[in-house]
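The chain contents come next:
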Amino acid sequence: MNKEQVLQEVHELEGLCYDIAQTIWDAPEVGGSEQKSADVFRALLEKEGFRIVNEEKLPHAFYAEYGEGKPVVAVLGEYDALPGLSQTVSAEPNPIQDGGAGHACGHNLIGAGSATAAIAIKRYLEKSKIQGTVRFYGCPEEELLSGKVKMAYYGMFDGADIALSWHPMSANMTMDRSYLASASARFYFKGTTSHAGFAPERGRSALDAVELMNVGVNYLREHVIDHTRMHYSTDSGGYAPNIVPGHASSWYFVRAPRMDSVQDTLRRIKLVAEGAAMMTETSVRTKLDSGCYEMKENNRFSDLTFRNLLLAPPPEYTEEEMAFAKALQATQPEEMRIKDEKTYETDQPLFTGIAPRELWEKSVINASSDSGDVSYIMPMNLFTTTCWPIGVAPHTWQATASTGSSIGKKGAHYAAKVLALCAYDLFNEPETLQAIQKEFAERNEVAYKTMYEA
Ligand SMILES: [Zn+2]
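Given the structure is predicted, the values throughout are model-derived calculations rather than measurements. (Residues numbered from 1 in each chain as written. Predicted model: local features only at pLDDT ≥ 70, side-chain atom pairs only at ≥ 80, totals over all residues. Heavy atoms only, no water.)

S.K.: Where do I start with the packing of aromatic side chains in this structure?
M.R.: One pair of aromatic rings is described through two measures. These are the centre distance and the angle between the planes. Tallied over the entire structure, the rule returns 14 aromatic pairs. When the ring of Tyr-124 is compared with that of Tyr-424, the centres are 5.2 Å apart and the planes differ by 50°; the resulting orientation is tilted. Residue Tyr-124 is located in helix α4 (residues 107–128), and its partner Tyr-424 is located in helix α12 (residues 406–428); the two are separated by 300 residues in the primary sequence. By relative accessible area, which is 4% here, Tyr-124 ends up buried. One aromatic cluster in this structure is built from Phe-41, Phe-62, Tyr-79 and Phe-136. The cationic tip of Lys-296 hangs over the ring face of Tyr-376; the distance from NZ or CZ to the ring centre is 4.1 Å. (Phe/Tyr/Trp six-rings, centres within 6.5 Å; stacked < 30°, edge-to-face > 60°. Helix = DSSP H or I, 4+ residues; strand = E, 2+ residues; numbered from the N terminus. Buried < 20%, exposed > 50% of the residue type's maximum accessible area, 1.4 Å probe, protein only. Lys NZ or Arg CZ within 6 Å of the ring centre and 35° of its normal.)

Next comes the structure, spelled out in structure tokens:
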């Protein structure tokens, strides 16, 4: 079988790809509750002849495996939705369910595109009778930045050699490096309550401690490396102004280009919290929720992805799709639209080419993904395909509308083609896999430990 025939296999699965994308979009489940979505993929892949491997302690995660021996090529899929972003396929805000969840990051498409690719790769392995294994990974809780970290903790990635992955976006492109390392931590302050009018001198305010901690962290901002992000919220600060608050807490996200910087910034934030506790004669307890690594770059892997992005024919759009995309764009004022510079030198609302690689190879996205942890366990690369209009941002109702439309589905099917072609090369060109693994080994200067163990 040659690459043309592999493309044909994916082409024949177009209807299936669209159906899965629709099924998952129709029943959005937020991170930690993806039971139905995970079951859709398990049933589909089991029927196709894959062995399903579950992890008891993580019920919505699994992998489905086909084939024998090395290399073991992993294709990562996701399926969690976002709260509050329910939306019909229309160009005006119109939730299917008020306050309901919606696929505003297109993870319905990631699952559908990756599963379609895994099935095509399986059929290829079956027909060609060559040695090798394909695994589809059902990864929950991406939006909580925890699913793949937990999967790593439970050893679910053991035995896999290389991971292919993709994400919906507004352009077709490969990224050498992307996403910031991140950690989520909570600070619980405990003080002493008292009557705020009658005996304020007896009280020790936990809310004062939270406020002073935040002031301290805001002074820290000047003295951290570029691209560091520190954001916080508070969900508790006492009950009424006439009671000195005995309990208050602050919730922090810290992001930085590398995990060691995140850990160091977190160490300094803890010192600030302890200082705030000392100033207010309260006590503080810190709880680390989760954390994920930055994406480790692998240029040889990007070479592979980029050449297959060029090889697979990108989607063409109908006039109706272009009109819908334009209408979605028009819902955002010009100044609010995401500007992605030179890549988007086009009058069309949908990006139809392949973004020149040099524009993106040094880019860092100021967001985080738990895929970063996978990139520390094995070589991993991420590409994106056009699934919503230029200027539309993920995590918006406009994105939910697009990921439920034929635009999103076309993006998923195109991604499936690229994934399958990359897998074909990995099975047929041992030297390509070796070059990627060599670069991975050279850059792997830190021994990987999940944030739960670090
Ligand atoms: Zn996402």
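S.K.: Which parts of the structure should I look at to understand the sheet that holds strand β8 (residues 229–236)?
M.R.: Across the sheet, which stays open at both edges, the four strands sit in the order β8-β9-β7-β10 with antiparallel pairing between neighbours. Only two strands of the sheet have a single partner each, and these edge strands are β8 and β10 (283–292). The mean inter-strand angle of the sheet, taken between neighbouring strand axes irrespective of direction, is 20°. Bridging between strand β7 (residues 181–190) and β10 involves nine bridges; their strand directions are antiparallel. Its bridge partner being in β10, Tyr-188 is matched across the sheet by Arg-285. Relative to strand β9 (residues 247–256), helix α6 (residues 206–220) is tilted by about 20°, and along the sheet it contacts β7, β8 and β9. (Pairing = 2+ DSSP bridges. Axes fitted to C-alpha atoms, helices over the stretch in contact; angles between N-to-C directions. Contact = heavy atoms within 4.5 Å.)

S.K.: Would you take a moment to explain the packing of helix α1 (residues 3–12) against α4 for this structure?
M.R.: Any two packed helices are characterised by how steeply their axes cross, that is the angle between the axes, and by the distance between the axes. Where α1 meets α4, the closest approach of the two axes is 9 Å, and the angle between their N-to-C directions is 130°. On the basis of their axis angle, the class for α1 and α4 is oblique. The handedness of the crossing between α1 and α4 comes out as right-handed. Seen from α1, the contacting residues are Val-6, Glu-9 and Val-10; seen from α4, they are Thr-116, Ala-120, Arg-123, Tyr-124 and Lys-127. The class makeup of the residues in the contact of α1 with α4 is four nonpolar, one polar and three charged. (Parallel < 35°, antiparallel > 145°, perpendicular 65-115°, else oblique. Left-handed = near helix turned anticlockwise from the far one by under 90°. Nonpolar A, V, L, I, M, F, W, Y, C, P; charged D, E, K, R; others polar.)

S.K.: Looking at this model, I keep getting lost on the side chain of Glu-294. Mind explaining?
M.R.: As for its placement among the helices and strands, Glu-294 is situated in the loop between β10 and α8 (299–311). This buried residue, Glu-294, is left without a salt bridge; Arg-258 holds the nearest opposite charge, at 4.5 Å. Polar side-chain contacts of Glu-294 include one of 2.9 Å to the backbone nitrogen of Met-259. (Lys, Arg positive; Asp, Glu negative; His and termini not counted. Salt bridge = Lys/Arg side-chain N within 4 Å of Asp/Glu carboxyl O. Polar contact = N/O pair within 3.5 Å; in protein donor to acceptor, adjacent residues only side chain to side chain.)

S.K.: I'm lost on helix α9 (residues 319–330) in this one. Help?
M.R.: Given 3.6 residues per helical turn, the α-helix brings residues three or four places apart onto the same face. Between its first and last C-alpha, α9 extends 16 Å over 12 residues, near the 16 Å set by a 1.5 Å rise per residue. Among all positions of α9, only Glu-321, Met-322, Phe-324, Ala-325, Leu-328 and Gln-329 are buried. Each buried residue of α9 lies within a common arc of 160° when the element is viewed along its axis, so the set occupies one face. In α9, the exposed positions angled more than 90 degrees off the buried face are occupied by Glu-319, Glu-320 and Ala-330. (Expected span 1.5 Å × (residues − 1). Arc of directions from axis to C-beta.)

S.K.: Please explain the domain arrangement of the protein chain as it appears in this structure.
M.R.: Many analyses report the size of an interface as the accessible area lost when the parts associate. Domain parsing of the protein chain yields domain 1 (3–179 + 295–443) and domain 2 (182–292). Each of domain 1 and domain 2 has a C-alpha centre, and these two points are 37 Å apart. Facing 11 residues of domain 1, the contacting portion of domain 2 comprises nine residues. For the pairing of domain 1 and domain 2, the buried interface totals around 800 Å² over both sides, and the portion due to carbon and sulfur atoms is 47%. The tally of links between domain 1 and domain 2 comes to zero salt bridges. (Domains from an automatic or database assignment. Buried area = accessible area lost by both parts, 1.4 Å probe.)

S.K.: Would you mind showing me how to read the coordination of the zinc ion here?
M.R.: Geometrically, a metal with four donors at the corners of a regular tetrahedron has ideal angles of 109.5 degrees, and one with six donors at the corners of a regular octahedron has ideal angles of 90 or 180 degrees. Distances from the zinc ion to its protein donors, Cys-105 (SG), His-107 (NE2) and His-167 (NE2), fall within 2.1 to 2.3 Å. Here the donor residues of the zinc ion are spaced in sequence according to C-x1-H-x59-H. Across the pair, His-107 and Cys-105 agree in class, each one buried. (Donors = N, O, S within 2.8 Å, 3.2 Å for Na, K, Ca; no water.)

S.K.: Got a minute to help me understand the sheet that holds strand β2 (residues 62–68) in this structure?
M.R.: The strands that make up a sheet are held in pairs by hydrogen bonds between backbone atoms, and each pair lies either parallel or antiparallel. The seven strands lie next to each other as β1-β2-β4-β3-β5-β11-β6, forming an open sheet whose pairing is mixed. Each having just a single partner strand, β1 (51–54) and β6 (173–175) make up the two edges of the open sheet. Averaged over all adjacent pairs, the angle separating strand axes in this sheet is 25°, with direction ignored. Relative to strand β11 (residues 380–386), β6 runs antiparallel, the two sharing three bridges. Looking across to β11, one finds that Met-173 is bridged to Thr-384. Its contacts with the sheet place α8 against β5 (162–169), β6 and β11, and it is angled at close to 25° to β11.

S.K.: What should I look at first to understand helix α3 (residues 35–47) in this one?
M.R.: Counted at 1.5 Å a residue, the expected span for α3 with its 13 residues is 18 Å, and the 18 Å between its end C-alpha atoms agrees. If you follow the buried residues of α3, they end up packed against α2 (14–26), β1, β2, α4 and β4 (132–139). Just past α3, the residue Gly-49 takes up positive phi, approximately 105°.

S.K.: Would you take a moment to explain the pattern of salt bridges for this structure?
M.R.: When their charged atoms lie close together, side chains carrying opposite charge are able to pair. As enumerated under the stated definition, the model contains 27 salt bridges in all. Here Glu-48 and Lys-122 are joined by a salt bridge, their closest N and O atoms 3.8 Å apart. A residue pair is termed long-range when its members are at least 10 positions apart, and Glu-48 in the loop between α3 and β1 and Lys-122 in helix α4 qualify at 74 residues. Neither Glu-48 nor Lys-122 differs from the other in exposure class; each is buried.

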